[in-house]
Amino acid sequence: MEKYSQTTILLGGIAIGAGAILAVDWLSSDRPTEALPERKSPPSKVKEDIRNGLEECIGNTPLIRIKCLSEATGCEILGKAEFLEPGGSVKDRVAMKLIETAEAEGLLTPYTGDKVYEGTVGSTGVSLAILCRARGYLAHICMPNDQSTEKSDLLTKLGAEVEHVPPAPIVDRAQFVNKARARSEEHTNSPSIPGRGFFADQFENEANWKAHYEGTGPEIFEQCGGKLDCFVAGAGTGGTISGVAKYLKPLLPKIKIVLADPPGSGLYNRVRFGVMFDVREREGTRRRQQVDTIVEGIGINRVTANFEAGRSHIDDAIRVGDEEAMAMARFLVEREGLFVGSSSAVNCVAAVRTATQMGPGHRIVTILCDSGTRHLSKFWAKAGNVGGGWEMTLEDVLSAEKTKPSLPISLSRASSGWGP
């Protein structure tokens, strides 16, 4: 038994030795080795980047080069990605400035029952609802009943009171902005309702354009390294185009500011001819509703304080039809995976037209106001689905509006890169 054990031990030792020799041979052979990533030494000073609440996440959105439009026109067309704001739209900037200004003036006090009232087609309401919750207020939103349902549903989910009213001109007391003003006054004057009512008044409150003068404009200038030739934007309240224009024009006197305007809006005429309506109509007296358009968020038939604040800086205006806007929205998804709303699509059509007018080599910035997710039930329902291929060309976009002439430029696909 002892002899057997010694033999077993001997054989085991031989096996272990042989295995060790083979292992050494395998390790020393010229076999492919996986390179380990180089370990980076930690920075000498690590800086924290923590935002104090949702409010500090607003602004500093990326500036995106829209490749398909830039390559087709020979201009660098850039989009300010405002759909990446925490509230999902450019209106976060405005809502924050409206609330901060009201707080500074003693018109709002957190957690006292104070309520913010506003008339809006949706996006400003969403931004106000979010920021009111973040800062200790409630929100009451009056909006036309013809807007996309997802905006109204979202407002309700955010805890806002939503009051739907029929579309009406501004001279009508039941118009959504006038209704919000009246509700605010009722709140303030009622002894049975706690707190006060504050009418945000985004159309006339100049905190609107100042939000863009202090934020959007400087961001664009810095992101472009001070080098841009044109800024294109639509206008609803007029705050964005006025604030950005007022900031950029003194720094870049040769910059071109272009308004993008949808059907039914009077701002195109205001910029081009100095009047809102036909010469047979006196300003402010038109009682019929705005010409039907599928575009939401931009276009208006009256002069606002925010638009007038920067109107002298606006050099030109471009009218964009519904069909063009829908075609552009599909084109941006097909070529860029960029899913935007109706006002963003209008801005991009106007940016392309401006690029062809200015010629290659220019840098044009526009605003991507919000995501297409807020326009599913109206704009995108009519725009339709994007196909599985890449068949669309920019020529298709610009010729989509059959009632308007296409641009007087060569659309040779072989030479211009407008399509395959």
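Residues numbered from 1 in each chain as written. Predicted model: local features only at pLDDT ≥ 70, side-chain atom pairs only at ≥ 80, totals over all residues. Heavy atoms only, no water.

The condition is simple: UniProt positions are given in the numbering used here, feature names are shortened, and annotations may be inferred rather than shown by experiment.
Per an unreviewed UniProt entry, the protein goes by Cysteine synthase 2 and derives from Choiromyces venosus 120613-1. Reading the Cofactor (unreviewed entry) entry of the UniProt record for the protein gives the comment "pyridoxal 5'-phosphate".

1. Side note on the overall build of the protein
The line we're drawing: Working definition: helices are DSSP H or I runs of at least four residues, strands are E runs of at least two. Numbering for both runs from the N terminus. Any residue under 20% of the maximum accessible area for its type is buried, any over 50% is exposed, and the rest in between are partly exposed; the area is computed with a 1.4 Å probe on protein chains only. Between two residues, a contact is recorded if the distance between any of their heavy atoms is within 4.5 Å. Working definition of accessibility: Shrake-Rupley area with a 1.4 Å probe, residue cover restricted to the visible protein chains.
Scanning the protein for helices and strands turns up 15 helices and 10 strands. Put simply, the protein has 420 residues, and 51% of those count as buried. Considering only intrachain contacts with a sequence separation of at least 6, the fraction spanning at least 24 residues in the protein is 74%. Taken as a whole, the protein presents about 20,600 Å² of accessible surface, with 54% of it coming from carbon and sulfur.

2. Some remarks on the nonpolar core
Side chains of nonpolar character tend, in soluble globular proteins, to be buried together. Short version of the rule: Among buried residues, the Ala, Val, Leu, Ile, Met, Phe, Trp, Tyr and Cys ones that are joined through side-chain atoms within 4.5 Å form a nonpolar core.
Residues Leu69, Met328 and Leu332 are the most contacted members of the largest nonpolar core, which totals 44 residues. A per-element tally of this core places helix H12 (residues 342-358) first, with eight residues. Those residues within four positions of Leu332 in sequence are excluded, and the remaining contacts are Ile66, Cys68, Leu69, Gly337, Leu338, Val340 and Cys348.

3. Some remarks on the sheet that holds strand E3 (residues 115-119)
We apply this condition: Think of it this way: DSSP has to see at least two bridges between two strands before they count as a pair. Comment: axis = line fitted to C-alpha atoms, over the contacting stretch for helices; angle = value between 0 and 180 degrees taken between N-to-C directions.
Across the sheet, four strands lie side by side as E5-E4-E3-E6; this open sheet has parallel pairing. Two strands close off the open sheet at either side, each with one partner strand: strand E5 (161-165) and strand E6 (197-199). Each neighbouring strand pair of the sheet contributes to a mean axis angle of 20°, computed without reference to strand direction. The pairing of E3 with E6 spans three bridges and is parallel. Paired with Tyr117 across the two strands is Phe199, which belongs to E6.

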